[in-house]
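Understanding the architecture of this molecule
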Amino acid sequence: MPKKPFSIAIDGPAGAGKSTMAKALAKSLNAMYLDTGAMYRAFGLYMLRKNAVNNTAEVARCVEDVEVNVRFIDGAQRLFLGEEDVTQAIREPEVSMAASTVSAVPEVRERMVALQRKIAEGQNVVMDGRDIGTKVLPNATLKIYLTASAEERARRRCRELEEKGMPEPYEQVLKDMIRRDYQDTHRAASPLQPAEDSVHVDSSKLSIDETVELMKKLALEAIERA
Ligand code: DC
């Protein structure tokens, strides 16, 4: 009998390497990769452009109308606001904070979670975010809580921004990261927290390859058990 599709949930704080690891893991397992943070970022950008990120009522109203479209082009996830490709624009540092702010609004979470479940339905999937194991995929085949120290995460984010030609000073990146961690873990609606049945992986002292290898081993064992 064919096995039912598997789902791997990867949660953790900003800069823990979730998207890098999740993408590599999905590729090695031949599964779809969904970066859910990109969806909150696209909506954060939409509200930034309206100059209304902190207007909760307006945020809740706009999420009903906004068209956040996820498309897979040549196997890569791209984000669209309507027909506008915003894949690049959502990586700007100011969008990170806007995404974190709008993601605290319950109506936004409700809409995004529904979209995420719909996109992943019936597929083998690796999804990363903050509430995947606790909320989006509570019955995931495997839940991983991926962490690294704030300093290591800030160093990695600095390198990433530099490679993209958008360098930022380390102190600033660390400060923003700590502020965003606080906001993501202290909101009332689905705060970032490890699912009770998650496996914790600390990537501070592991290379990317070592982390992906470890996650793949955990995934294959969980898929075998399911
Ligand atoms: O993973 P990221 O840094 O691209 O996410 C941007 C913001 O979106 C993050 O600060 C919190 C929010 N987010 C969320 O609330 N739930 C998710 N599943 C993914 C992201």
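Source: prediction; values computed, not measured.

What follows is about the pairing of strand β6 (residues 125-129). When you tally the buried positions in β6, you get five out of five residues, the bulk of the element. Of the two faces of β6, the one lined by V125, M127 and G129 and the one lined by V126 and D128 are each fully buried. By the bridge criterion, five bridges tie strand β1 (residues 7-11) to β6 in an arrangement that is parallel. Of the residues in β6, the one forming a bridge with I8 is V126. Judged from the four bridges that link them, strand β2 (residues 32-35) and β6 form a sheet pairing that is parallel. Within the sheet, the bridge partner assigned to M32 lies in β6 and is V125.

Glancing now at the pattern of salt bridges. A full pass over the atoms with the stated rule returns 15 salt bridges. The partner of E84 in a salt bridge is R49, with the nearest N and O atoms 2.9 Å apart. Here E84, found in strand β5 (residues 84-85), pairs with R49, found in helix α2 (residues 36-49); they are 35 residues apart in sequence, far enough to count as distant. We classify E84 as partly exposed; its relative accessible area is 37%. A relative accessible area of 47% means that R49 is categorised as partly exposed. Close ionic contact of D197 with K143 constitutes a salt bridge, the shortest N to O distance being 3.1 Å. With D197 in the loop between α8 (170-186) and β8 (199-202) and K143 in strand β7 (residues 142-147), the pair connects residues that are 54 residues apart, well separated along the chain. The network of salt bridges with shared partners includes E58, R61 and D65.

What follows concerns the site of the ligand. Around the ligand, the structure places 14 residues, and the nearest of them are R41, R109, D131, R180 and R187. Residue R109 places a side-chain N or O atom 2.8 Å away from an oxygen atom belonging to the ligand. R180 places a polar side-chain atom, nitrogen or oxygen, 2.8 Å from an oxygen atom of the ligand. The fraction of the free accessible surface of the ligand (440 Å²) that becomes covered by protein chains is 95%. Per element, the largest residue contribution to the shell around the ligand is four residues, and it comes from α2. Residue composition of the shell around the ligand, grouped by class: two nonpolar, five polar and seven charged.

As a further point, take the sheet that holds β5. Strand pairing in a sheet relies on backbone hydrogen bonds, with the paired strands running either antiparallel or parallel. As summarised here, the arrangement of the three strands in space is β3-β4-β5, forming an open sheet in which the pairing is antiparallel. Two strands in the sheet have a free side with no partner beyond their single neighbour: β3 (68-73) and β5. Relative to β5, strand β4 (residues 76-81) is paired through two bridges, and the arrangement is antiparallel. Bridged to L81 within β5 is E84.

Criteria and cut-off values
Residues numbered from 1 in each chain as written. Predicted model: local features only at pLDDT ≥ 70, side-chain atom pairs only at ≥ 80, totals over all residues. Heavy atoms only, no water. Buried < 20%, exposed > 50% of the residue type's maximum accessible area, 1.4 Å probe, protein only. Helix = DSSP H or I, 4+ residues; strand = E, 2+ residues; numbered from the N terminus. Pairing = 2+ DSSP bridges. Salt bridge = Lys/Arg side-chain N within 4 Å of Asp/Glu carboxyl O. Near = heavy atom within 4 Å. Polar contact = N/O pair within 3.5 Å; in protein donor to acceptor, adjacent residues only side chain to side chain. Areas by Shrake-Rupley, 256 points an atom, 1.4 Å probe, with all protein chains shown as cover. Nonpolar A, V, L, I, M, F, W, Y, C, P; charged D, E, K, R; others polar.

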